[in-house]
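As a plain string of letters, each chain reads:
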Amino acid sequence: MEFVDPEDEPSPFREPPAPDDRLWRHPSELPSPSPAGRRTSAGTSLWLVAAVSALGASLLSTGLIVAFDRRERAPSPTTAIERQLVRPRTASDGAPSAVVDIAERVRPAIAQLKTQLGDQPGTGSGVFFRSDGHVLTNAHVVEGATSIRVVMANGRELPARLIGTDPDTDTAVVKVDGGPFPVATLGSALDLRVGQTAIAIGSPLGLAGGPSVTVGVVSGLHREIRPRGSSRTLVDLIQTDATIVPGSSGGALLDADGAVIGITTAVASTEGGVDGVGFATPIEVARSVADELIRTGRVVHVWLGIEGTDLDGALAEELHLEGGAMVGQVKGGSPAEQGGLAARDVVVAVDGHQVKSMGELVVALRGRAPGQTVTLEVVRDRQHRTMAVTLAERPASP
C-alpha cells in the first residue's frame, strides 16, 4: 500500500462517498464534501494518524464536521468543540464517573506536540512517562521535524528536542527541560481481553484547552497493518473503537484503571470520515523502545534474513497446523541461510513457543539480541525438524 501525498488532492472539499465506498486513509487527509460530481476511486489502505500539517474546523447543525486545508489555524469555536469532546459524565447518583476521575488524573500528563517540517506545521500528541521531561510519541509525528514544541495540558509551551525514533514500531521520544512533570502510570497490555474498557486521551486537531477524552473497548488484539506507502508492517497492535482523530496520534490508550496500555498510532477510515477503528502500540513495546532510545539514541533490531507470508489456511489444514510463517525467500549470507532455512519452510515455533503467522514470528524475535541463538521448529516436506539459528543485527539495507 502507498501513502498519497496531500498535494495530490486537487480540492480541499469532496463529496461524501456511497456507504460501501471504503478506503483506509490517513486521518489528516480525511476529505470533506466537495463540489458535486467529483469522487475519488475506492480502494482499501491503512493510514497512520500523522501529524496534521493544516487544520480547520466548523461546528455544523448535524454535528462536528472537520475540514482540513494547508494552513494551520485555530479551530472555531474552540470552547464548543472542547465541551462536546470531553463533556463530563456522572453516575446516576450525581457522583463523578470513573472515566471523569481517570481523565482528571491523566490529562495533565498528556501533551500536544507542535512540529515544523520545513514550511509545513503539524500537530500530534505525546505522553509524559518520566518526570524529568521525557515524552513518548509516534515516530511519524516527529520524523524530519526541524522544530518541536510541547504544549502541556495547562497551556504551558516548552521547546523540545528529539531523542530518537524507531519507525519499525512507530515509536519516538522527545525531551523537554525542567520538571518535575506530571507522568502517566504505565500499565500492561499482556493480559488484555477483547471487550474490556479502553479510554483514549490525546490532543486532536490542534485544539487549545487541553487533551480530549474518548471511551470505547478493546475491539481486537495482535493486529497487523501496513501503512500506505510504507515498506514496514506494524505488528501486534491493539485495536480499539475509542475514537482517535487527527492530532491524537502519539496519545495514550488507557485501561479501566487509568493505566497506559498503548500509544495510539493509526486509524482506519472511510472516504467520508473516521470509521471507528483505531490502533495502538502495546505499552511494553513502546516502553522498551523508548528506554533503548534514551540509553543509546537508537534501537537495535535482530535479523533472521527471510521474507515470507502467513501460512495459507488451506495449506495449514492440509499440513494439520494451526498456522505458521511461510518462508518465501532466504537472504544470502543471512543467519537463516547459515542455519539451514530454505524457501517453502514453515516456521511454527521459536524456542518452543508457537507462532501462527509472520507477525508472530517478528514478535517472538523482537526481544532477542544480536549473537543470541534461537531454536526454530520448522515443517519441511511435511516433516518437523529443529534448527539452531544465531541472530545478527539487522543491516541498514538487509
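Right, let's walk through the structure included here. These numbers were taken from a predicted model, which means no experiment stands behind them. (Residues numbered from 1 in each chain as written. Predicted model: local features only at pLDDT ≥ 70, side-chain atom pairs only at ≥ 80, totals over all residues. Heavy atoms only, no water.)

**Description of the side chain of His140**
Within the secondary structure, His140 is located in helix 3 (residues 139-142). For His140, a relative accessible area of 14% puts it in the buried group. Within polar-contact distance, the side chain of His140 engages the side chain of Asp170 at 2.8 Å. (Helix = DSSP H or I, 4+ residues; strand = E, 2+ residues; numbered from the N terminus. Buried < 20%, exposed > 50% of the residue type's maximum accessible area, 1.4 Å probe, protein only. Polar contact = N/O pair within 3.5 Å; in protein donor to acceptor, adjacent residues only side chain to side chain.)

**Looking at the side chain of Ser248**
Position of Ser248 among the secondary structure elements: in the loop between strand 12 (234-240) and strand 13 (252-254). Residue classification places Ser248 among the buried positions, given a relative accessible area of 9%. Once you skip the residues sitting within four places of it in the chain, Ser248 turns out to touch Ser125, Gly202, Ser203, Pro204 and Thr264. (Contact = heavy atoms within 4.5 Å.)

**Some words on the pattern of salt bridges**
Tallied over the entire structure, the rule returns 13 salt bridges. As a salt-bridge pair, Lys114 and Glu157 come within 3.6 Å of each other at their nearest N and O atoms. Of the two residues, Lys114 is situated in strand 4 (residues 110-117) and Glu157 in strand 8 (residues 157-166); the sequence distance between them amounts to 43 residues. A relative accessible area of 34% means that Glu157 is categorised as partly exposed. Residue Glu307 is joined to Lys331 by a salt bridge in which the shortest nitrogen-to-oxygen separation is 2.9 Å. In this pair, Glu307 is assigned in strand 17 (residues 306-310) and Lys331 in the loop between strand 18 (325-330) and helix 6 (335-339), connecting sequence segments 24 residues apart. The partly exposed category is assigned to Glu307, whose relative accessible area is 39%. Salt bridges sharing common partners tie together Lys114, Arg149 and Glu157. (Salt bridge = Lys/Arg side-chain N within 4 Å of Asp/Glu carboxyl O.)

By themselves, these observations are geometric and do not establish any function.
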